[in-house]
Amino acid sequence: MISQPSRQYTVELQALPSRIGQVRRIVSAHLRYWHLDPLIDRAALGVTELLTNVHLHARPDKTCTVEMELLLDRLTVSVHDHDPRLPVVREVDLSATCGRGLAMVAAVADSWGARPDGDSGKVVWFTLPARVSTPTRPIRGVTPYDGVTPYELALEPPAPGHAVDDHRPCHAPARSAVVG
């Protein structure tokens, strides 16, 4: 018997640097919405590395799909693209400035892999252990009834005058007490 239904989220995008940051924020917002806050850093790092690989290496185009699926106690994040070449973990020189993305994914994930996807394309995925926790406080702006999706929440900039970190107070602009 399944105690929880599957939760799934999919977004299609062009793997361009500006979109990669946006998808990272969307992934983080969804994990908060699903009460999986402890997974945010590792999932955001993993999806960033996989999307960066699409941006740098995928041909003929940069169109891809990011999918997150929470099933029981496992979160699977996968990136589907149109390039049939499977990625390879390479040994890199210590002075190299790139080439460690898949090794980083392997380091933060429970498991990862790549497989062909149809006639042209592939899926690269990683998994993280997930235990749904009970929220200690409600997520600001997200309740089941207010109609705000995690996607919409991730796209909104912080309100003017509000601290991004709820634990630090906002400071008023400096004003001079000296006339003139």
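See the structure above.
Worth saying up front: this structure is predicted, and the values here are computed from it rather than measured.

**Quick word on the overall build of the protein**
Inference 1: Within the protein one finds 4 helices and 5 strands.
Inference 2: When the helices and strands of the protein are read in sequence order from the N terminus, they spell out β-α-α-β-β-α-β-β-α.
Inference 3: Per-residue burial for the protein yields a buried fraction of 33% across its 180 residues.
Inference 4: Look at the contacts in the protein between residues 6 or more apart in sequence, and 64% of them connect residues 24 or more apart.

**What to know about the side chain of Glu49**
Inference 1: Assignment of secondary structure puts Glu49 in helix H2 (residues 40–57).
Inference 2: Arg24 is the oppositely charged side chain nearest to the buried, salt-bridge-free Glu49, at an N-O distance of 7.9 Å.
Inference 3: With near-sequence residues (within four places) excluded, Glu49 lies in contact with Gly101, Met104 and Val105.

**A look at the nonpolar core**
A general trend in soluble globular proteins is that nonpolar side chains are found buried together.
Inference 1: Membership of the largest hydrophobic core comes to 33 residues, with the highest contact counts inside it found for Leu31, Leu51 and Leu75.
Inference 2: Those elements that provide at least two residues to this core are strand S1 (7–14), helix H1 (17–33), H2, strand S2 (63–71), strand S3 (74–81), helix H3 (101–108) and strand S5 (122–129).
Inference 3: Counting residues per element, this core draws most heavily on H2, which supplies 6 residues.
Inference 4: With sequence-adjacent residues up to four places away left out, Leu51 is seen in contact with Leu13, Ala15, Ile20, Val23, Cys64, Val66 and Val79.

**Regarding the packing of H1 against H2**
Inference 1: One way to put it is that H1 packs onto H2 with a least axis distance of 9 Å and a crossing angle of 155°. The angle between the axes of H1 and H2 places the two elements in the roughly antiparallel class. In this structure, H1 meets H2 at a crossing whose hand is right-handed. The segment H1 lies against H2, with Pro17, Ile20, Val23, Arg24, Val27, Ser28, Leu31 and Arg32 engaging Ile40, Ala43, Ala44, Val47, Thr48, Leu51, Thr52 and His55.

**Observations concerning the pattern of salt bridges**
Inference 1: Taken as a whole and judged by the stated rule, the model has 3 salt bridges.
Inference 2: Asp110 serves as the salt-bridge partner of Arg74, at 3.1 Å between the closest nitrogen and oxygen. With a gap of 36 residues between them, Arg74 in strand S3 and Asp110 in the loop between H3 and strand S4 (111–116) connect regions that are remote in the sequence.
Inference 3: Residue class for Arg74 comes out partly exposed when judged on its relative accessible area of 31%.
Inference 4: Judged by relative accessible area, Asp110 falls into the partly exposed class, the value being 48%.
Inference 5: For Arg85, the salt bridge goes to Asp83, with nearest N and O atoms at 2.6 Å.
Inference 6: What makes Arg85 partly exposed here is its relative accessible area of 42%.

What counts, and where the lines are drawn
Residues numbered from 1 in each chain as written. Predicted model: local features only at pLDDT ≥ 70, side-chain atom pairs only at ≥ 80, totals over all residues. Heavy atoms only, no water. Helix = DSSP H or I, 4+ residues; strand = E, 2+ residues; numbered from the N terminus. Buried < 20%, exposed > 50% of the residue type's maximum accessible area, 1.4 Å probe, protein only. Contact = heavy atoms within 4.5 Å. Lys, Arg positive; Asp, Glu negative; His and termini not counted. Salt bridge = Lys/Arg side-chain N within 4 Å of Asp/Glu carboxyl O. Core = buried A, V, L, I, M, F, W, Y, C linked by side-chain atoms within 4.5 Å. Axes fitted to C-alpha atoms, helices over the stretch in contact; angles between N-to-C directions. Parallel < 35°, antiparallel > 145°, perpendicular 65-115°, else oblique. Left-handed = near helix turned anticlockwise from the far one by under 90°.

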